[in-house]
Amino acid sequence: MSRQLSYGLAINEAMHQLMERDESVFLTGQGVISPWYVGNTTQGLFDRFGPQRIVDTPVSELCITGAAVGAALAGMRPVVIHPRMDFMLLAVDQVVNQAANWHYMSGGRTKVPVTVRGIVNRGGEQAAQHSQSFHALYAHVPGLKVVMPATPHDAKGLLISAVLDDNPVVYIDDRWLYEETADVPEDFYEVELGKARVAREGKDVTIVATSWLSAQALIAAQGLADEGIEAEVIDLRTLKPLDSQAILESVAKTGRLVVADGGWRTCGYAAEVIAGVATEAHDSLRAAPVRVTLPDVPAPMSKTLEAVFYRRAEHIADGVRAVLGLGRAGSREETDGFAAPGTEVSYAMREAVK
């Protein structure tokens with residue numbers, strides 16, 4: 001049976017059910033019992049499972065993550081939380097050099113079932129050191145799986161799948177999604193890793209999107225429908241392994257591609273998606289693909305600049321109009337990652353970073 005549940009509480013329910021079923025699952029990280037750090041995603045866990053399985057740690061990202069990787073090698077299924085993904089970089093050695101490589105270097109004799117949960121924080125004038133999403137970095141690394149749920153249903157199902165997987169999984173959730181509500185089954189269920197979701201069907205253009213921008217893509221698609229443009233929206237859900245087949249099948253149908261991603265443009269995940277299409281489905285393309293990404297500058301602190309820095313539904317809609325040749329700037333004019341030249345958004349951001 002399903003009922004309405006928020007994204008944050010869907011994560012919380014997944015943890016309750018995982019820990020109830022399997023005593024090898026435990027949660028660790030700084031602020032895991034603090035709503036200021038992790039919102040409502042861990043509420044009730046400490047009272048129910050106690051300090052042996054809900055371990056609130058000192059501020060030491062490298063040590064915390066190393067302990068979790070070691071516990072996974074010893075047969076546990078730890079979930080280690082980094083309340084701000086920016087500071088997860090302090091643990092990158094344990095994630096990239098250790099967790100990602102142990103199974104391969106042991107000739108398959110060891111498993112590393114650790115889930116590293118990184119929370120993306122943006123907006124609220126938090127500035128550059130608290131507003132970054134490094135999903136493309138982790139998707140680059142062999143041995144890691146990377147997931148970015150966009151809906152409450154997937155937030156629960158993908159977390160369960162991540163924890164039950166015998167490989168290290170980087171699970172990335174976005175605070176901007178925490179209050180989004182949708183139908184979520186009460187049952188214990190998994191969402192398959194490596195399987196994208198066709199969130200909306202369409203015939204004119206394919207929008208491939210990640211995380212919060214998947215939700216924004218649906219808003220954009222609804223508005224475009226009023227203009228007579230039928231956009232198909234692919235929510236990737238899993239960045240690695242990537243469901244290339246879902247993307248290729250959609251582009252074969254529509255002939256046009258817009259990729260919306262919450263990372264930077266240069267060497268970003270949007271470029272990876274477009275490269276795959278260009279290689280495998282070049283003959284299907286009727287126009288050059290368009291990327292809707294962050295500009296290649298650090299996140300601003302000013303609320304005014306934040307309003308023009310972060311990509312939203314209107315930017316995705318502009319990208320669709322561009323690929324359809326309907327008066328907005330095409331991909332050649334978007335090489336700096338800003339909105340269409342001449343628009344208010346583009347002007348404000350250009351002036352801000354001079």
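Residues numbered from 1 in each chain as written. Predicted model: local features only at pLDDT ≥ 70, side-chain atom pairs only at ≥ 80, totals over all residues. Heavy atoms only, no water.

1. Quick look at the packing of aromatic side chains
Spelled out, the test is: Only Phe, Tyr and Trp rings are paired, with Trp represented by its six-membered ring, and only when their centres lie within 6.5 Å; those with planes under 30 degrees apart are stacked, over 60 edge-to-face, the remainder tilted. Only DSSP runs of H or I reaching four residues or more are called helices, and only runs of E reaching two or more are called strands; each is numbered from the N terminus. Throughout this description, buried means an accessible area under 20% of the type-specific maximum (1.4 Å probe, protein chains only), exposed means over 50%, and partly exposed covers the range between. Note on geometry: a ring has a charge over it if NZ (lysine) or CZ (arginine) is within 6 Å of the ring centre and within 35 degrees of the ring normal.
This model, assessed by the stated rule, comprises six aromatic pairs. On the basis of an interplanar angle of 80° and a centroid distance of 5.3 Å, the ring pair of W176 and Y310 is categorised as edge-to-face. Within this pair, whereas W176 is found in the loop between β7 (169–174) and β8 (181–185), its partner Y310 is found in the loop between α12 (303–309) and α13 (313–323), the two being separated by 134 residues in sequence. Given the relative accessible area of 25%, W176 is considered partly exposed. Ring plane angle 80° and centroid distance 5.0 Å describe the contact between F309 and Y310, whose orientation is recorded as edge-to-face. Across from the ring centre of F188, 3.9 Å away, lies the NZ or CZ of R21, which sits over that ring.

2. Comments concerning empty space enclosed by the protein
Definition in use: Only protein atoms enter the 1 Å grid used here. Points where a 1.4 Å probe fits but cannot escape make up a cavity, open sets with protein on both sides within 12 Å along at least five of seven lines make up a pocket, and a residue lines them when an atom lies within 4 Å of a point. Grid points are joined across faces, edges and corners, and a volume is the space filled by probe spheres set on the points. The classification used treats Ala, Val, Leu, Ile, Met, Phe, Trp, Tyr, Cys and Pro as nonpolar, Asp, Glu, Lys and Arg as charged, and all other residues, Gly among them, as polar.
A complete count under the given rule lists three cavities of 30 Å³ or more for this structure. Forming the walls of the second largest cavity are V120, R122, S133, H135, M148, D174, T210, S211, W212, L213, D261 and G262. Among the secondary structure elements, those contributing two or more residues to the lining of the second largest cavity are α9 (212–225) and β13 (257–264). Class assignment for the residues of the lining of the second largest cavity results in four nonpolar, five polar and three charged.

3. Section: the pattern of salt bridges
Under the convention used in this document: In the sections that follow, a salt bridge refers to a side-chain nitrogen of Lys or Arg positioned within 4 Å of a carboxyl oxygen of Asp or Glu.
In total, this model carries 17 salt bridges according to the counting rule given. Linking D173 and R117 is a salt bridge whose minimum nitrogen-to-oxygen distance equals 2.8 Å. With D173 in strand β7 and R117 in strand β5 (residues 115–120), the pair connects residues that are 56 residues apart, well separated along the chain. One salt bridge connects K253 with E232, and the closest N-O pair in it is separated by 2.5 Å. You can see K253 sitting in helix α10 (residues 244–254) and its partner E232 sitting in strand β11 (residues 231–235), a full 21 residues away along the chain.

4. Focus: the pairing of strand β14 (residues 290–294)
Here is the rule we go by: Strands pair, by our definition, only if DSSP identifies at least two bridges between them. Crossover handedness is defined here as right-handed if the route from the first strand over the helix to the second strand goes clockwise, with the strands pointing away from the viewer.
The element β14 is extensively covered by neighbouring structure, given that four of its five residues are classed as buried. For β13 and β14, the ladder comprises four bridges, and the chain directions are parallel. From the neighbouring strand, A260 faces β14, where its bridge partner is V292. The β-α-β motif built from β13, the intervening helix α11 (residues 269–280) and the parallel element β14 has right-handed crossover chirality.

5. As for helix α8 (residues 152–164)
Condition: To estimate the expected span of a helix, count its residues, drop one, and scale the result by 1.5 Å.
The end-to-end C-alpha distance of α8 is 19 Å, a good match for the 18 Å that 13 residues give at a rise of 1.5 Å each. For α8, the buried fraction is high: eleven of the 13 residues fall into the buried class. Turning to α8, its buried residues are P152, D154, A155, K156, G157, L158, L159, I160, S161, A162 and V163.

6. A few points about the nonpolar core
What counts, and what does not: In this description, a nonpolar core means a group of buried Ala, Val, Leu, Ile, Met, Phe, Trp, Tyr and Cys residues linked to one another through side-chain atoms lying within 4.5 Å. Two residues form a contact once any of their heavy atoms are found within 4.5 Å.
Core analysis: the largest hydrophobic core is formed by 55 residues, its most contacted members being M15, L27 and I316. Per-element tally for this core: the top contributor is helix α1 (residues 7–21), with seven residues. Not counting residues within four places of it along the chain, the set of residues in contact with M15 comprises V25, L27, L45, V79 and L159. In this structure, A139, A246, Y269 and A270 belong to the second largest nonpolar core, which totals 41 residues.

7. Things to note about the side chain of E306
By the secondary structure assignment, E306 is in helix α12. E306 has contacts with G123, G124, E125, Q126, P300, M301 and R312, leaving out every residue within four places of it along the chain.

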